[in-house]
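Listed here are the chains, written in short residue letters.
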There are 2 protein chains.
Amino acid sequence: MKEDFLYNRIAQNIANKIKTGVLKTGEKLPSVRILSKEHGISINTSKKVFLELESQSLIQSKPQSGYFVSPLHYLKLPLPETSKPSLVADNREPNELIDRVYSNMGNHELTLFSIGVPSGNLLPLAKLKKEIVLATRSLKDGGTEYESLLGNLKLRRMIAVRSLAWGGALKETDLITTNGCMNSIALCLMALTKPGDTIALESPCYPGILQLAVSMGLKVLEVATHPVSGIDIDAFEQLLPEINICLLVPNFNTPLGYCMSDENKKRIVTLLEKYNIPLIEDDTYGDLYFGTERPKCCKSFDTTGNVLWCSSVSKTLAPGYRAGWVAPGKYKDQIIKLKLIHSISSSAIIHEAVGNFLMTGRHDNHLRRLRKTLQQNYQHYALAIVEYFPLGTKISRPQGGLTLWIEFPVEIDTTELYNHALKNKISIAPGRMFSLQNQFQNCMRLCMGLPWTEDLKLKLKQLGNLAKMI
Amino acid sequence: MKEDFLYNRIAQNIANKIKTGVLKTGEKLPSVRILSKEHGISINTSKKVFLELESQSLIQSKPQSGYFVSPLHYLKLPLPETSKPSLVADNREPNELIDRVYSNMGNHELTLFSIGVPSGNLLPLAKLKKEIVLATRSLKDGGTEYESLLGNLKLRRMIAVRSLAWGGALKETDLITTNGCMNSIALCLMALTKPGDTIALESPCYPGILQLAVSMGLKVLEVATHPVSGIDIDAFEQLLPEINICLLVPNFNTPLGYCMSDENKKRIVTLLEKYNIPLIEDDTYGDLYFGTERPKCCKSFDTTGNVLWCSSVSKTLAPGYRAGWVAPGKYKDQIIKLKLIHSISSSAIIHEAVGNFLMTGRHDNHLRRLRKTLQQNYQHYALAIVEYFPLGTKISRPQGGLTLWIEFPVEIDTTELYNHALKNKISIAPGRMFSLQNQFQNCMRLCMGLPWTEDLKLKLKQLGNLAKMI
């Protein structure tokens, strides 16, 4: 067990050094024997470290010479620009485009690069089925009764336990279950805003959040966001006097996939407390880190209950289950009331099943596998993009999560690309969906949650060729 | 089969004649032989008719003389008054009281007269469990995928088929699934109102709807409502110029349980069309009729798509499942969009299971049994109330549904009664919960969805005694 832990830790550390350029292309790594001595691990464990790194295409062995850092082609591709949204709230909702893209949901004839969830092949389907059956047996009256107001106890208890890993230290009574993370966010916005209020969001931003804000009559301020460090806090601070509420996705935000530093998280929490602006934190992707540790949340630094921490199992376990939750801090009473009058209860069976699954060790095993697959996919995608996409293409450097953000040269309109791609049975998410302003027309989001195959590589090649023809 | 149908029909007809006073207490019924001849049924079927009526305590046999109409004691109790709410919108939300009553939800140490759902003993639990297991097998990826935008196809198809029974003639594409009827209503109100708008509601009205309207910043106009014929349409017509939206529960409305006549339903639909006011119709109780036929809905008379018809299985099959739907007429696009941004999808497994259950004949068998039980409970309750409740008590005459409305003499405050009852492990729903005005302080709602037992009778006796002591 201890060896397993060490092996993972060492492999991840070396992987990070390679990806961040501390170890450079072509550099020689220490031998199996030296690594074993250095870390006090067995020769076998040491060998496993190298095999793991090789499986991730990060190193390659040369006969009689040892292991060397592989060329990471995608590091040659530049980063997308920091976004430069207008400082004035805008409302140009790309409804028609969003409708078209969303209507592809569930169409299995298409390659759905446009979705933002892991595909079924990456989920523990058999184990989940068993939990559902068990839940119909363990619940009183087979789960036909309404749940208590806060929602399923096992689920809340497990989320509370897991919050220790990121410094949340939540209790089960700090949590309210919901029908998924978007439902949590909707409840928070309904509780804390009125039409005409101004909300600050990252830019680019998940389209559902933009649409939700607009539907509630909110003014949307999109804040300049760097693809690796996240929201520009200095720009953000300037805007605070105009802002009533703020919604951020600091961990592996879709589409960019960055992870805000602890320092910035803390600074944001302090700033918002000072201005008495509630922070809704969407942490749906928090468990999908590519690094060695589960990142902290803004909620980790919340001492006054001003952060409403929202998440779900939709990106890690089962999108179609609709199991989410919120730790609403000092706004708990309002959220409970709104949950009750908007939907009374959640689906008792489903939430019991998820709660039970989280109590087994299977969940962590599953997450480990899923993270590894996503990280490998990222590299496969990146290498394919280097090879097949037009000159001048820029790509994000996700540190976790499910999506990759592509910035093409300005002349490539991704809404046009969407139309061409669809004819070839490929669906993408054009950049324009991620803003209420005329931004990101030359960008797109790709889902990394599809299983990597030769066919998928071919689809990326096809997509690259179509982009070159525009 | 044909005999079965006739037997039911004849028994129901006679029952209705007794309950409406066409056949009077003590009146002699025709003999088994004459009934058999009159309707062209066998002697055995004719006997079954009388046994059925006897089991409902509607008739009693006297040796050597035949069958006679039983004394229906509760008909001696007067009807509650037609409500007289203020013509000015009010906003005195009984939050604290509602919180206290709702916090008893799921507390199995209490006798929950306060709930508005059938208890588990009255539900087809084993069959539902089987459907859940089957759904995890039949759905792609075990139901972990998001559903399509409109929601589960089987469920929509079956609701469409069943709509033929009430003149709905809906197609599966006219329907959108939701997380229960309150969720349907919430989506409709979000789509069609803005803060400051005025909504017209029946009075007394289900507390969840009052709270929902207030939470959305709506002005609530409570309309005078007769306990048997429903909303006072002349009073209602006067108010129309002030109203932006209307929400009615024309079939077995909780708490009163009346059924609006077809004539009135039609008139309301025509009036609202004329004034261009959308009608949200809550039909959750529509399948729980005590008469011979499923009543029509306002939606049955809707020719322009102005009625948003909402319902669920929460009152008939499984409250904790969260399976509802809406046929939003011409407002379909807005509802789809709001469903998507508020919760993306429903719980795929649960909705598939309900859809499959509705496809079997079991659902109709279950409903027949449930209706019969509720109707018998109504009579048990009514007789106990005659016997145990204070002089001057008035009770509603539910024609279906799950609840009974009690009006005590004015000096009996039911919020006080609630406190005393709770000490005796009985929970009731005090009348004040059903209005935003100072109304109904001497009223309460009783749930008839608990299985009738000697113990339950004793609890009603206890409740009556407590009321007498106030």
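Fair warning: this is a prediction, and the values are worked out from it, not measured in the lab. (Residues numbered from 1 in each chain as written. Chains lettered and ligands numbered in written order. Predicted model: local features only at pLDDT ≥ 70, side-chain atom pairs only at ≥ 80, totals over all residues. Heavy atoms only, no water.)

Draft legend 1. Highlighting the overall build of chain A. Counting its secondary structure elements, chain A contains 15 helices and 17 strands. Rg of the C-alpha trace for chain A: 22 Å, near the compact-globule value of 23 Å for 470 residues, within the 12% margin. Dimensions along the principal axes, computed over C-alpha positions, put chain A at roughly 70 × 55 × 45 Å. For chain A, with 470 residues in total, the buried portion stands at 62%. Here the contacts in chain A between residues at least 6 apart in sequence split such that 76% fall between residues at least 24 apart. Working note: accessible area of chain A is about 17700 Å², and carbon and sulfur atoms make up 53% of it. (Helix = DSSP H or I, 4+ residues; strand = E, 2+ residues; numbered from the N terminus. Rg over C-alpha atoms; globule rule 2.2 N^0.38 Å. Buried < 20%, exposed > 50% of the residue type's maximum accessible area, 1.4 Å probe, protein only. Contact = heavy atoms within 4.5 Å. Areas by Shrake-Rupley, 256 points an atom, 1.4 Å probe, with all protein chains shown as cover.)

Draft legend 2. Looking closely at the nonpolar core. Counting residues in each nonpolar core, the largest one holds 246 residues, and the members touching the most others are A:Leu446 and B:Leu446. What A:Leu446 contacts, discounting residues up to four positions off in sequence, is A:Phe113, A:Tyr381, A:Ile385, A:Leu402, A:Thr403, A:Leu404, A:Ile406, A:Ile428, A:Leu460 and A:Leu463. (Core = buried A, V, L, I, M, F, W, Y, C linked by side-chain atoms within 4.5 Å.)

Draft legend 3. Here's a closer look at the domain arrangement of chain A. All names here are of chain A. For chain A, the domain assignment lists domain 1 (2-71), domain 2 (75-121 + 367-469) and domain 3 (126-363). Each of domain 1 and domain 3 has a C-alpha centre, and the two are 37 Å apart. Both faces considered, domain 1 and domain 3 share a buried interface measuring about 310 Å² in area, 41% of it formed by carbon and sulfur atoms. Three residues stand out in domain 1 for area buried against domain 3, namely Arg-9, Gln-12 and Asn-16, and they jointly supply 82% of the buried area on that side. At the junction of domain 1 and domain 3, the tally comes to one salt bridge. When the shortest N-O distance is used, the salt bridge between Arg-9 and Glu-293 registers 3.9 Å. (Domains from an automatic or database assignment. Buried area = accessible area lost by both parts, 1.4 Å probe. Salt bridge = Lys/Arg side-chain N within 4 Å of Asp/Glu carboxyl O.)

Draft legend 4. Examining the interface of chain A and chain B more closely. Opposite the 57 residues of chain A that make contact, chain B presents 57 residues. Looking only at chain A, the three residues that lose the most surface to chain B are A:Thr144, A:Tyr146 and A:Ile341, adding up to 15% of its buried area. In this structure, the connection of chain A to chain B is made through two salt bridges. The closest approach of N and O atoms between B:Glu93 and A:Lys337, which form a salt bridge, is 2.9 Å. At the boundary of chain A with chain B, the tally comes to 19 residue pairs in polar contact (both at pLDDT 80 or more). (Polar contact = N/O pair within 3.5 Å; in protein donor to acceptor, adjacent residues only side chain to side chain.)

Draft legend 5. Structural view of the sheet that holds strand S16 (residues 429-430) of chain B. All names here are of chain B. The four strands lie next to each other as S13-S14-S17-S16, forming an open sheet whose pairing is antiparallel. The open sheet terminates on both sides in strands that have one partner only, identified here as strand S13 (394-395) and S16. Of the pairings in the sheet, the one linking S13 to strand S14 (residues 403-407) comprises two bridges and is antiparallel in character. Across the sheet, residue Ile-395 finds its bridge partner in S14, namely Ile-406. (Pairing = 2+ DSSP bridges.)

Draft legend 6. Spotlight on the sheet that holds strand S16 (residues 429-430) of chain A. Residue and element names in this part refer to chain A. Pairing is antiparallel across the open sheet formed by four strands, whose spatial order is S13-S14-S17-S16. The strands lining the two open edges of the sheet, one partner per strand, are strand S13 (394-395) and S16. Pairing of strand S14 (residues 403-407) with strand S17 (residues 443-447), which is carried by five bridges, proceeds in the antiparallel orientation. Paired with Ile-406 across the two strands is Met-444, which belongs to S17. Packing of helix H13 (residues 362-388) onto the sheet brings it into contact with S13, S14 and S17, and relative to S14 it is tilted by some 20°. (Axes fitted to C-alpha atoms, helices over the stretch in contact; angles between N-to-C directions.)

Draft legend 7. The arrangement of the side chain of A:Ser343 in detail. Within the secondary structure layout, A:Ser343 lies in helix H11 (residues 332-343). By relative accessible area, which is 6% here, A:Ser343 ends up buried. Among all residues touching A:Ser343, those that are not within four sequence positions of it are A:Asn179, B:Asn179, B:Asn183 and B:Arg322.

Draft legend 8. The relation of the copies chain A and chain B, seen in detail. Superposing chain A onto chain B takes a rotation of 180° plus a shift of 0.0 Å along the axis, which leaves an RMSD of 0.1 Å. Taken together, the rotation and translation describe the operation of a two-fold axis. Looking at the rotation axis and the C-alpha trace of chain A, the residue lying nearest is A:Val133, at 3.1 Å. (Least-squares fit on C-alpha atoms with pLDDT ≥ 70 in both.)

Draft legend 9. Broad picture of the state of the cysteines. If you walk through the whole model with that rule in mind, you get zero disulfides over all chains. The thiol sulfur of A:Cys447 is not disulfide-bonded, and the nearest other cysteine sulfur, from A:Cys181, lies at 17 Å. Cysteine B:Cys188 shares no disulfide, and the gap to the nearest cysteine sulfur, in B:Cys310, comes to 3.9 Å. (Disulfide = S-S within 2.5 Å.)

Draft legend 10. A look at the pattern of salt bridges. Within this structure, the stated rule accounts for 42 salt bridges over all chains. Here A:Arg162 ties to A:Asp287 by a salt bridge, and the two come within 3.8 Å at their closest N and O atoms. Here A:Arg162 is found in helix H6 (residues 153-163), whereas its partner A:Asp287 is found in the loop between strand S10 (279-282) and strand S11 (307-312), with 125 residues between them in sequence. Side by side, A:Arg162 and A:Asp287 carry an identical accessibility label, which is buried. Put simply, B:Arg100 and B:Glu96 hold a salt bridge, and the shortest N to O gap is 3.2 Å. On the criterion of helical spacing, the pair formed by B:Arg100 and B:Glu96 is a turn pair, its members being four residues apart in helix H4 (residues 95-102). Take B:Arg100: its relative accessible area is 27%, and that puts it in the partly exposed class. Through salt bridges that share partners, A:Arg162, A:Asp283, A:Asp287, A:Arg294 and A:Asp364 make up one connected network.

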